[in-house]
Amino acid sequence: MRDVQGVYRRVLRRETHAARTAPAVVVASILGLLLIAALVLGVWAMFDVGFRKTLGGAADDAIGAIDAETATIVAGAVLPGRRNRRGRVAGNAAVLVDDGVLADAAADRVASRCGIDRSQVSAVVGRRTVLARVTPTSGLPVDRRMVQEAVSEAMSGAGFDADVKVSVSERGVVQ
Amino acid sequence: MNATNRILNRTVLLVVGLILAAAGAAMIFAAARPAWASDAVQAATGWTERTVSDMADWTVEFSGAGAVPGALLVLLGVALVLIVLLIVFIATRGGGRTSTVVRVDAGDGSTEVDRDVADAVLAARLRERPDVLSAHLSAYRVKGRPALKLTVTVRQGTLLSRVLGAAEDAVAEWNALAGTETPVLVHLVGRGWWDRWRSATRVQ
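Everything numeric here is computed off the predicted structure, so don't read it as measured data. (Residues numbered from 1 in each chain as written. Chains lettered and ligands numbered in written order. Predicted model: local features only at pLDDT ≥ 70, side-chain atom pairs only at ≥ 80, totals over all residues. Heavy atoms only, no water.)

1. What to know about the overall build of chain A
Part 1 of the argument: In terms of regular secondary structure, chain A is built from 6 helices and 5 strands.
Part 2 of the argument: Sequence-ordered secondary structure for chain A, helices as α and strands as β, is α-α-α-α-β-β-α-β-β-α-β.
Part 3 of the argument: Residues classed as buried in chain A amount to 41% of the 175 residues present.
Part 4 of the argument: Taking contacts inside chain A between residues at least 6 apart in sequence as the whole, the part at least 24 apart equals 61%.
Part 5 of the argument: Working note: accessible area of chain A is about 9500 Å², and carbon and sulfur atoms make up 58% of it. (Helix = DSSP H or I, 4+ residues; strand = E, 2+ residues; numbered from the N terminus. Buried < 20%, exposed > 50% of the residue type's maximum accessible area, 1.4 Å probe, protein only. Contact = heavy atoms within 4.5 Å. Areas by Shrake-Rupley, 256 points an atom, 1.4 Å probe, with all protein chains shown as cover.)

Here it is in structure tokens:
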């Protein structure tokens, strides 16, 4: 029997982190073009002695222009690059859910549980916490605990748990 | 789930970034010449000038071009090798997709199952649900064996537990059909930014 759990672990780790393929390919392409340019100029310099003198100063300017991007490139190499998804292994499959989908599900659940319009609820799913923002209908108080339970239910329905924070705005809206 | 070597991606970024940072720092030092580092800057400039003048002495005679600095030839060779390596690097990104999802070797032959069969069993089952907008299946080789990725776009307001339950049932059915346990990744995605612009209602 093959190591299915090992495959799941590898796949979930890879799918929840950025591959850095796009920035690496962009950097490699720019570097390649610069090298081709250097090659052409170098061959030119081989056959044109006067050209060699002007080349040195131009190269310095080129390096200075690119240097502004350095911090971004190094950050791309070093930072973990987590994507807004979360995964778990469930029985015979691994499950990967985008945080936006979880936020939608949580907000839907809160709206139907509290009997308010879907447009009055918004949810943000972070890495560890879920923030639910509710704007109550004017004159009808919203039970914070009910909101919290609704969010937890939506999250556990997908198989994830999270620290729920509720924020109810002071002023209601008129429906 | 593709087979891109991510360590190599990051290595390229790190090496290029560090080279650029070093070049930038050297240029800033050379231009600003801060008092506390004047000795080091002077030593470095002296060393560079000496090396450059030593290198200039080493020339190669060409019939058409006269005396060509040998250092220039070496640099051109290095640039050529680097260009080839970079082309290889760009060409080897991605990959790892496969069209064979199951392979059973018997004594006198082997059976291969195509990706479309898995699509008909796993994705089509989810596609016909009203709370699923679209579902598609892709297959990759992970650790030398096929693994499936089932990407499901869910409708807003869906109970995720129901979609996941349906997906698990489909996977169980697929495993029973295939006779082996294939790793399956079920990925629930929302509507993209493009779909969000479209009207939510449709006239039947």
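2. So, the overall build of chain B
Part 1 of the argument: Tallying secondary structure elements over chain B gives 6 helices and 7 strands in all.
Part 2 of the argument: Secondary structure elements of chain B, listed N to C terminal, follow the sequence α-α-β-β-α-β-β-α-β-β-α-β-α.
Part 3 of the argument: Projected onto its principal axes, the C-alpha coordinates of chain B cover approximately 80 × 55 × 35 Å.
Part 4 of the argument: Burial statistics for chain B: of 204 residues in total, 35% are counted as buried.
Part 5 of the argument: For chain B, the computed accessible surface area is about 12300 Å², with 61% contributed by carbon and sulfur atoms.

3. Describing the environment of B:E173
Part 1 of the argument: Considering the arrangement of structural elements, one finds B:E173 in helix α5 (residues 160–178).
Part 2 of the argument: For B:E173 and B:A25, which are 148 residues apart along the polypeptide, the C-alpha to C-alpha distance reads 61 Å.

4. Examining a positive patch on the surface
Part 1 of the argument: A cluster of basic side chains, namely A:R9, A:R10, A:R13 and B:K143, defines a positive patch on the protein surface.
Part 2 of the argument: Summarising the element assignment, A:R10 is placed in helix α1 (residues 4–15). (Patch = residues over 30% accessible without salt bridge, like charges linked within 9 Å, V, L, I, M, F, W, Y side chains within 5 Å. Salt bridge = Lys/Arg side-chain N within 4 Å of Asp/Glu carboxyl O. Lys, Arg positive; Asp, Glu negative; His and termini not counted. Charge placed at Lys NZ, Arg CZ, Asp CG, Glu CD.)

5. What about the interface of chain B and chain A?
Part 1 of the argument: With 63 residues of chain B at the interface, the matching set in chain A holds 68 residues.
Part 2 of the argument: Across the chain B to chain A interface the summed buried area is about 5400 Å²; carbon plus sulfur atoms make up 68%.
Part 3 of the argument: The largest contributions to the chain B side of the interface with chain A come from B:R6, B:R10 and B:L13, which together make up 14% of the buried area.
Part 4 of the argument: Along the contact surface separating chain B from chain A lie 1 salt bridge.
Part 5 of the argument: Close ionic contact of A:E15 with B:K149 constitutes a salt bridge, the shortest N to O distance being 3.2 Å.
Part 6 of the argument: Linking chain B with chain A are 20 residue pairs in polar contact (both at pLDDT 80 or more).
Part 7 of the argument: The set of elements that each furnish at least two residues to the side of chain B that touches chain A consists of α1 (6–32), β2 (66–69), α3 (70–91), β6 (145–154), α5 and β7 (184–189) of chain B.
Part 8 of the argument: Among the elements that take part in the side of chain B that touches chain A, α1(B) stands out by supplying 14 residues, more than any other.
Part 9 of the argument: In the side of chain B that touches chain A, the residues fall into 41 nonpolar, 13 polar and 9 charged.
Part 10 of the argument: Bridge analysis of strand β2 (residues 93–98) of chain A against β7(B) gives 4 bridges, and the strand direction is parallel. If you follow A:A94 over to β7(B), its bridge partner there is B:L185. (Buried area = accessible area lost by both parts, 1.4 Å probe. Polar contact = N/O pair within 3.5 Å; in protein donor to acceptor, adjacent residues only side chain to side chain. Nonpolar A, V, L, I, M, F, W, Y, C, P; charged D, E, K, R; others polar. Pairing = 2+ DSSP bridges.)

6. Some remarks on helix α4 (residues 115–127) of chain B
For an α-helix the count is 3.6 residues per turn, leaving residues at separations of three or four pointing the same way.
Residues and elements named next belong to chain B.
Part 1 of the argument: Residue V121 marks the point of greatest curvature in α4, where the axis turns by about 30 degrees.
Part 2 of the argument: Every buried residue of α4 is accounted for by A118, D119, V121, L122, A123 and L126.
Part 3 of the argument: Of the surrounding secondary structure, the elements contacted by the buried residues of α4 are β3 (100–106), β4 (109–114), β5 (132–142), β6 and α5.
Part 4 of the argument: Sitting at the amino-terminal end of α4 is D114, which places a side-chain oxygen 3.1 Å from the backbone nitrogen of D116. (Bend = angle between axes of the 7 residues up to and from the residue.)

7. Some details on the pairing of β5(B)
For a regular strand, side-chain orientation follows a simple rule: the groups alternate between the two sheet faces.
Residues and elements named next belong to chain B.
Part 1 of the argument: Relative to β6, β5 is paired through 10 bridges, and the arrangement is antiparallel. Its bridge partner being in β6, S138 is matched across the sheet by K149.
Part 2 of the argument: Counted along the chain from β5 to the antiparallel partner β6, the turn is 2 residues long, and its residue K143 has a positive phi close to 50 degrees.

8. A few points about empty space enclosed by the protein
Part 1 of the argument: A full pass over the atoms with the stated rule returns 1 cavity of 30 Å³ or more.
Part 2 of the argument: Put simply, the largest cavity is a space of about 110 Å³.
Part 3 of the argument: Surrounding the largest cavity, 13 residues form its lining, A:D104, B:V154, B:R155, B:Q156 and B:G157 being those nearest its centre.
Part 4 of the argument: Considering every element that reaches the lining of the largest cavity, the biggest residue donor is helix α5 (residues 99–114) of chain A, with 4 residues.
Part 5 of the argument: Looking at side-chain class alone, the lining of the largest cavity contains 4 nonpolar, 4 polar and 5 charged residues. (1 Å grid on protein atoms, 1.4 Å probe; cavity = no way out; pocket = protein on both sides within 12 Å on 5 of 7 lines; lining within 4 Å. Points joined across faces, edges and corners; volume = space filled by probe spheres on them.)

9. A few points about the sheet that holds strand β4 (residues 129–134) of chain A
All names here are of chain A.
Part 1 of the argument: Reading across from one edge, β3-β4-β5 is the order of the 3 strands in this open sheet, with mixed pairing throughout. Edge strands, defined here as strands with exactly one partner in the open sheet, are β3 (121–125) and β5 (163–168). In this sheet, neighbouring strand axes are inclined to one another by 15 degrees on average, regardless of whether the strands run parallel or antiparallel.
Part 2 of the argument: Both β4 and β5 contribute to a ladder of 6 bridges, which runs parallel. Pairing of A132 across the sheet is with V166, part of β5.
Part 3 of the argument: Against the sheet, α5 touches β3 and β4, its axis set at about 145 degrees to β3.
Part 4 of the argument: Each of β4 and β5 touches helix α6 (residues 144–157); the most contacted strand, β5, lies at about 140 degrees to it. (Axes fitted to C-alpha atoms, helices over the stretch in contact; angles between N-to-C directions.)

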